Structures are given as C-alpha cells and as structure tokens.
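The primary structure of each chain is shown beneath.
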Amino acid sequence: MSKESVERWLGALALPLIGAGVVLLMWAAASATFAENLPSPVKTWEVSRLYVLEPFEKRGELDQGILRFTWYSLQRVTQGYVIAILIGAPVGFLLGMSKLFRGSFDPIIQILRPVSPLAWLPLGLVLFQKPEPAGIFTIALCSMWPTVLNTALGVRAVPQDYLNVARVLRLSRQKTLFKILLPAALPYMFTGFRLSLGIAWLVIVAAEMLTGAPGVGGFLWQEYNALIYEHIILCILTIGLVGFGLDRLMGLAEKRFRTA
Amino acid sequence: MAILALHDVSKSYGSTHVLSQISLSVEAGEVVVIVGFSGAGKSTLISLLAGLDQPDSGRVSFRGKPVRAPGPERGVVFQNYSLLPWLTAFENVELAVEQVFSHWPKAKRLAQTERFIGMVGLEHARDRKPAQLSGGMRQRVALARALAADPEVLLMDEPLSALDALTRATLQDGLERIARTSGKTIVLVTNDVDEAILLADRIIPLSAGPAATLGPEFLISIPRPRERRALNHSPEFRRVRTQVVDYLLSTKRAPSAERAPLAAALSAITLEPST
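Thresholds, definitions, all that
- Residues numbered from 1 in each chain as written.
- Chains lettered and ligands numbered in written order.
- Predicted model: local features only at pLDDT ≥ 70, side-chain atom pairs only at ≥ 80, totals over all residues.
- Pairing = 2+ DSSP bridges.
- Helix = DSSP H or I, 4+ residues; strand = E, 2+ residues; numbered from the N terminus.
- Contact = placed C-beta atoms within 7 Å.
- Axes fitted to C-alpha atoms, helices over the stretch in contact; angles between N-to-C directions.
- Nonpolar A, V, L, I, M, F, W, Y, C, P; charged D, E, K, R; others polar.

J.: An account of the sheet that holds strand S4 (residues 57-62) of chain B is requested, with residue identities and associated values reported.
T.: All names here are of chain B. On the basis of which strands lie adjacent, the open sheet formed by four strands has the order S2-S1-S4-S5 and antiparallel pairing. Since the sheet does not close on itself, it has two edges, and those belong to strand S2 (16-26) and strand S5 (65-66), each with one partner. Relative to S5, S4 runs antiparallel, the two being bridged by two bridges. Pairing of Phe 62 across the sheet is with Lys 65, part of S5. Relative to the sheet, helix H1 (residues 42-50) contacts strand S1 (4-13), S2 and S4, its axis offset from that of S1 by approximately 125°.

Below, the structure is given as structure tokens:
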C-alpha cells in the first residue's frame, strides 16, 4: 500500500474508530465507578439487542423495533420539514428582494427565531388540540428559520452583474426570478435546507417526548419512565446516527446544486 | 442625428465626483473608443449610456429620446463577462435571443443562437458551462450574447482587459472584424491605446479622475481592414499614439516632487516605439 492510501485509510476509518473506542472506554469506566445508574456498554447492548436485531418488529404500541420507531419519527419530521421549506423559501425570497418586507418582518423573525421548541409545543397543543399536528407545527416553525435567512442572504448576494444582464435584456420579473435569482440563490438555499433538516430532527425528540407519540423520542421518554435506562442510550445513538445520515445526504444534494 | 448622446452629464458616487460635464455624440455606424486610466470612470460612462445608472445632472439620449432604463437595443458586453454560471455557453446566448426575439418561431431562434455561437468560433464548446471555459472563450460567449440580440448600439466595457496578452490580441482582431463587417454602432472603453487605434473611427480620451472629463477627439483614418503588424509601422499609428498618450499623461495631477522621475520614466517607456 502506498503512503497516501495508508493515510487516507487512517483518516477515514481508523481514527474515527479510535475516537469511538476512547469514548466507549470512558463510558465503561464511568458506569463501573461513579455513575452507578449509567448502564455499561455491554449491558446496554444486551438489553437493546432485541430492538436492534429485530428493528422492524411491532410487539405493542410502545414496544417496537428501533428502526420502526425511527421510521415514525422520520415521517413526522418530513411533514414538518416540507411545510418549513414551502413557507420558508418564499418568505426568504421576499425578505431578500423587498426592502419594505425586510424592514417590516426581519425584526420579528429575529425575535421568534431563538424560541425553543419546548416553548412552541404547548402553543401548538392549544391551537390544534391534538399532539400529532402540534408536533408537526413545532417542527415546521423551529426548522423554518435557517431556510428563511439563508434564502434571503442568497437573494441579496446575487451579483449585480447578473441583475444587470436581466435589466439589459428586459427580463420580466417572473423570468428574472426563475432564470436569475433562483439559480443564483440556490447554493445558499441548500445550505439553509441542510441546517433546517438538522433542526427538524433535533426538534422531533422534544416534540415526541412531550406528546408521547410513538417514535424514537417518545420511546426514549417512555423507557426513562419505565426505568430501562439502556434504551435511552440506544435512542441517543440512533438519533445521532440518523441525524448524521440526513446531514450527509443533504450535503451531497448541496454539492450537486452548487453552481459556480 | 446622433444615435446616442450625452449632454453635459455629471455623476458622483457619494462624495466621489466621477464624471464631470461630459458631452458626447455618437453617430450611427461609427466606432467610438473612449481611452482612459483605470478608475477614471470609464465603466460609469458605459453604465450611463446603457441606462443601468442615471446621471446626477445632464441628459443621456438614444435616438433623441431620453434613456431611463437599459434595453436590448443597447447591448452591453461587460468587463467581467457576466455569464450566468448555471447555463451553458449556448444557453447563455439563447436566453438573450429568446427574450429579444420572443415573437420568432423556436427553430429560428435556435438557428440565430447557433449562428452567433459559430461566429465567435465556439461550436465545440457550446455545451460547456462558463466555469469550463477559458477567459477568452467566456468573453467570446459574452460577445455572441450581445450580438445575437441584434442591438443597434454595442456598448463594451473594457471587454478584453482581463485577458492575457495573446488572447487579447486575438480577440482584438476579432473585434476589428466585427467593427468592420457588422456595421454596428460601437462604443468601447479601454485603457489600451493600441487597441483603441486598431478599432476606432474616433478616439476620445477620458481625463484622469476624479471629475473626469472627455478630451479632444482623434479621428483615425487608417484604412480598414487594419492589420496589427502593419499598424506598428504606420506613421499615423505612431503619431496618434503619441498624441493620445501625451494628452492622457497631461491630465494626471501634477506629480509631486518624489513621484516626478517615475512619471517621466513611465511616459518614456510608453512612448518608446514598439518595433
């Protein structure tokens, strides 16, 4: 093997494995010493086995394989996320294009943006009276902001040169939007979409915990109440892996749409 | 009647007075080249003629009517090409053709696009994105885009200044051919005096900024087609070159004591015959 390929192999696989190993050791050490209630890695695996090895099994409403739970969560996230993008992108365009709109709505957006999902969820419950739409409402609302702000940024960053081309050719507003602004802003928008998806996935856990809906977050909270702490760790790892996977997927899409 | 005219036009950006009381009258079919230092306000001048910008005072008129906005009858070739990076060379030209000749049948529009891509010799690169083209090729696409829209006036903002010397010379010859054969009215700004003489019917120097203003015009009567190598030996070429350069240098602020030797050295170099 050449030196470069050894280095590449080290960077891609060996180093992350070493890092994971170190964390695993610290976890084992912690559970063996001061953290009595923290299940050890081995115990976690033993108790979680069934859920991992039969990932799509449905034994009861709140006793299902981990991937089945994940699937429920993903469906919920998708609904909220799609709503977030469908509202967020046009709002971002308006913010980027219209001074009037920006002046009117930018301040309120800046104020609503940092509000935690835990604060929105009760409001959603009040509004919709049912946990399912309340959860989707919360996901949509919380994950919308990166799409809004990045789209606005992208529209404002469209080089004046491109706009001059549109002006010299006298492109209509609609044509300028679809032929110039949209493609020019697309890379920024995808960054927004990617960040939004990350937040949507972050929010799902909070939403499911509070509403008790079946999903990874709901399962996590239920197992906490049932004192099966091993499953909390299983859920955390699952959430992390799925989030990582989603981010990578969006990263690929982002790269594909990068124009210049 | 002049096809394009500036009457007593001034323009400032913030506290910077860029152009001061500029008057210019361009006749249909002539090639006017504005020569000036970098940063003298040449791009501003083109923006005003194109209608991309409005003067603070004075008037810009096209065929006697005031210019308030850009339009395809005044095609612009931008300094940095301004090609849309998500479209291929062909699509960039097609966008202009589609817009300007929207009443044409599709086949005719495609033929028009083909023709101008061919005219700048880019058939082989028609499906490439701007990022995959060299600087010279990009500028040729930009030129094809402007010409394919069949403008009455072609405004060119230092179209070749970003290119290396060889590519630049090749494209200058291409522009010379276009100026000679298309019959289009052309206003070109450049910082290259040789380029100006190669292309122009009339050269008008723009004095060094701030508050730049147009100097005396120089009519170039060297017969076309003008051949670069022959030009170097032409007495008229040398005479005009010296006069234009002298004028431009004379408009520079009086050099301070320590800068004087440098300015003198520079003018000596510039005036050295290039043979």
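J.: I'd love a proper account of the sheet that holds strand S9 (residues 202-206) of chain B, names of residues and values included.
T.: All names here are of chain B. Read across the sheet, six strands follow the order S6-S7-S8-S3-S9-S10 without closing on themselves; strand pairing throughout is mixed. The sheet is open, and its two edges are formed by strand S6 (74-77) and strand S10 (218-219), each paired on a single side. In terms of strand pairing, strand S3 (residues 31-36) meets strand S8 (residues 185-190) through five bridges, oriented parallel. Considered in S8, the bridge of Val 33 is made with Leu 188. Taken strand by strand, H1 contacts S3, S6, strand S7 (153-157), S8 and S9, and its axis lies near 155° from that of S7. Set on the sheet, helix H8 (residues 235-251) makes contact with S3, S9 and S10; between it and S9 the angle comes to about 20°.

J.: Talk me through the interface of chain A and chain B; I want residue IDs and the actual numbers.
T.: Across the boundary between the two partners, chain A contributes 14 residues, which contact 17 residues of chain B. Counting residues per element, the ones that place at least two in the side of chain A that touches chain B are helix H7 (160-169) and helix H8 (173-211) of chain A. Class assignment of the residues belonging to the side of chain A that touches chain B gives a composition of eight nonpolar, two polar and four charged.

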